[in-house]
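The lines below spell out each chain.
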Amino acid sequence: MESLNLARWQFGITTVYHYFFVPITIGLSLIVALMQTFWMRTRNPEWLRLTKFFGKLFTINFILGLATGIVQEFQFGMNWSDYSRFVGDIFGAPLAIEALLAFFLESTFLGLWIFGWGRINEKIHLGAIWLVHIGTVLSAFFILAANSFMQNPVGYTNNPLTGRAELTDFLAVLTNKVQLVAFPHVISAAWMSGGAFVLGIALWLMWRSQTPEGDLGMYRRSARLGAIVLLVGGVVVTVTGDLQSRVMTQVQPMKMAAAEALYDTSPEGEGASFSIISVGTPDGQHETWAIRVPKLLSFLSTGTLGGRVEGINDLQAEYELAFSDNALTEAENYRPIIPVTFWTFRWMIGTGMAAMAIGAFALWALRGETRRLTSKRWLWTSLAVILLPLLANSFGWIFTEMGRQPWLVFGVITTKMGVSPGVSAWEVAASLGTFTLLYGALAVVEVGLILRYGRTGAEPAPPPESLDPSERDDDEPFVFSY
């Protein structure tokens with residue numbers, strides 16, 4: 001394989017792996033902050049126990065996510081040096097702010113929260129975990145601003161003398177129309193993942209026979225909270241996803257056409273249909289068979305039933321004329337890999353809707369205060385509900401990035417022009433193998449730690465006399481003992 005293809009595989013593998021941690025981190029930070037707020041308002045010791053329990057799992061996930069994220073920035077210099085040189089002036093500002101402001105905000109206050117139990121004022125301690133959540137959200141905002149530039153470049157000028165894109169309007173980069181819809185979509189999807197994680201852990205603890213009867217009400221309470229966060233996040237994801245599809249139709253019509261395997265442009269007034277299942281020719285240029293919903297694609301893309309949606313073949317011809325005279329933008333095929341975009345788009349929607357359905361069913365099943373979940377289906381439900389939103393997030397990002405191909409920055413520079421010219425295929429293959437083995441080892445560590453500390457459940461309830469804040473000893477709540 002060429003170094004270009006290997007570099008793309010490496011970036012894809014490491015990014016998808018890293019993004020398993022990110023939505024759980026964002027979502028769990030919100031839920032842990034909510035749990036501690038409920039404890040502060042009610043003084044119910046069960047909320048305190050849940051705060052410490054899920055806070056421990058959040059800390060594990062945060063640390064492993066940090067370790068996997070460091071590799072992402074290294075790859076820009078290792079495998080994508082030409083791309084880094086071209087967009088360095090654009091990416092420098094949002095990524096520097098993300099590192100210096102958002103990351104240090106969340107990491108500093110996470111340390112204060114972990115080691116501050118019983119040592120600092122309770123309200124300040126509560127504020128620390130809320131600042132952790134705000135830091136994770138800000139971190140996502142600035143990273144998405146950089147990614148949105150790749151989808152819809154704004155606020156820059158291309159300097160032909162230096163061969164670099166130069167930043168001219170930082171505010172335009174931050175308020176990119178893609179950014180304004182992608183940011184709430186990503187954050188709400190993270191809330192879904194965090195809520196599903198709490199719901200799945202709580203359902204499993206309620207199902208297993210070793211859980212004390214006295215703790216069932218506590219885990220039922222956390223399961224309800226997780227289900228509510230999952231459903232609220234799902235509703236916001238649905239609304240923002242609809243808005244995002246319309247923006248995508250404006251700025252990246254080829255991606256939208258590829259998501260639907262729409263090969264020929266739908267005339268104004270007729271409306272384009274939405275394909276539930278589509279089979280195309282091996283070269284990806286024609287459709288041979290499909291099951292379609294009439295006019296639905298036009299509604300999703302334009303907000304009207306008869307809106308015009310451009311097809312893949314017409315866009316290919318249009319791009320050939322528009323970009324054939326520029327070495328940075330010339331490509332033989334401006335179509336993405338149609339089966340990948342088509343199916344990841346549907347798997348993203350399907351797995352997200354399945355997670356919401358489980359959340360709604362669990363919320364209904366957890367009504368009342370005495371029911372114990374004994375059926376084995378709850379074991380598989382607890383596992384499925386954790387995995388489904390993570391898969392939806394991964395499919396969504398694969399669709400977003402693969403659907404942009406062959407572009408690194410849409411309409412500005414193609415992927416083949418951004419790869420490091422001095423890196424051989426063997427060198428990329430060596431780093432790919434190394435990172436794959438390293439990430440495999442980290443996966444074993446992550447799953448092992450989550451299982452070890454997740455199966456123990458919350459700390460035992462303290463004796464009644466220690467519930468008074470002046471008598472509680474909370475000095476070392478986060479000691480990970482074996």
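All of these numbers come straight from a predicted model, not from anything done at the bench. Along each chain, the written sequence defines residue order, and numbers are assigned to residues from 1. The predicted origin of the model limits local features to residues at a pLDDT of at least 70 and limits the giving and counting of side-chain atom pairs to 80 or more, whereas totals for whole chains, interfaces and linings rest on all residues. As a convention, hydrogens and water are excluded, and side-chain values are obtained from all of the structure's heavy atoms.

1. Some remarks on the overall build of the chain
Starting at the N terminus, helices and strands are each numbered in turn, a helix being any DSSP run of H or I of at least four residues and a strand any DSSP run of E of at least two. Tallying secondary structure elements over the chain gives 14 helices and six strands in all. With 482 residues in all, the chain has 51% of them scored as buried. Excluding contacts between residues fewer than 6 apart, the proportion of contacts in the chain whose partners are at least 24 apart in sequence is 81%. Element-wise, carbon and sulfur atoms account for 67% of the exposed surface of the chain, whose accessible area totals about 21400 Å². The cut-offs for exposure are 20% and 50% of the maximum accessible area for each residue type, with area from a 1.4 Å probe on protein chains only; residues under the lower value are buried, those over the upper are exposed, and the others partly exposed. In what follows, residue pairs with any heavy atoms lying within 4.5 Å of each other are defined as contacts. To be clear on the numbers: accessible area is Shrake-Rupley with a 1.4 Å probe, and residue cover counts the displayed protein chains and nothing else.

2. Focus on the packing of helix H1 (residues 3-18) against helix H14 (residues 425-456)
Convention adopted: a line fitted to C-alpha atoms gives each axis, helices being fitted over their contacting stretch, and angles between N-to-C directions are expressed from 0 to 180 degrees. Between H1 and H14, the least distance of the axes is 9 Å, while the angle of their chain directions is 15°. One finds that H1 runs roughly parallel with respect to H14. Read as a crossing pair, H1 and H14 show a hand that is left-handed. For the pair formed by H1 and H14, the contact residues are Ser-3, Leu-6, Ala-7, Trp-9, Gln-10, Ile-13, Thr-14 and Tyr-17 on the first element and Ala-425, Val-428, Ala-429, Ser-431, Leu-432, Phe-435, Tyr-439, Leu-442 and Ala-443 on the second. For this classification, the nonpolar set comprises Ala, Val, Leu, Ile, Met, Phe, Trp, Tyr, Cys and Pro, the charged set comprises Asp, Glu, Lys and Arg, and every other residue, Gly included, is treated as polar. Partitioned by chemical class, the residues of the contact of H1 with H14 number 13 nonpolar, four polar and no charged. Between 65 and 115 degrees an angle is taken as roughly perpendicular, under 35 as roughly parallel, over 145 as roughly antiparallel, and anywhere else as oblique. Handedness of each helix crossing follows the sense of rotation of the near helix against the far helix: counterclockwise by less than a right angle gives left-handed, clockwise gives right-handed.

3. Regarding the packing of aromatic side chains
Within 6.5 Å between ring centres, the rings of Phe, Tyr and Trp (the latter by its six-membered ring) count as paired, and their orientation is classed by plane angle as stacked under 30 degrees, edge-to-face over 60, tilted in between. For the structure on display, the rule yields 25 aromatic pairs. Ring centres of Phe-323 and Trp-407 lie 4.8 Å apart, and the angle between their planes is 70°; on these two criteria the pair is classed as edge-to-face. Highlighted residues: Phe-323 in helix H11 (residues 312-323) and Trp-407 in strand S5 (residues 407-409), separated in sequence by 84 residues. Residue classification places Phe-323 among the buried residues on the basis of a relative accessible area of 16%. On the basis of relative accessibility, which here comes to 1%, the residue Trp-407 falls in the buried class. An aromatic cluster of at least three residues, connected via ring pairs, comprises Tyr-319, Phe-323, Tyr-334, Trp-407 and Phe-410. Taking NZ or CZ as reference, Arg-43 lies 4.6 Å from the ring centre of Trp-39, over its face. A ring is considered to have a charge above it if a Lys NZ or an Arg CZ atom is located within 6 Å of its centre and within 35 degrees of its normal.

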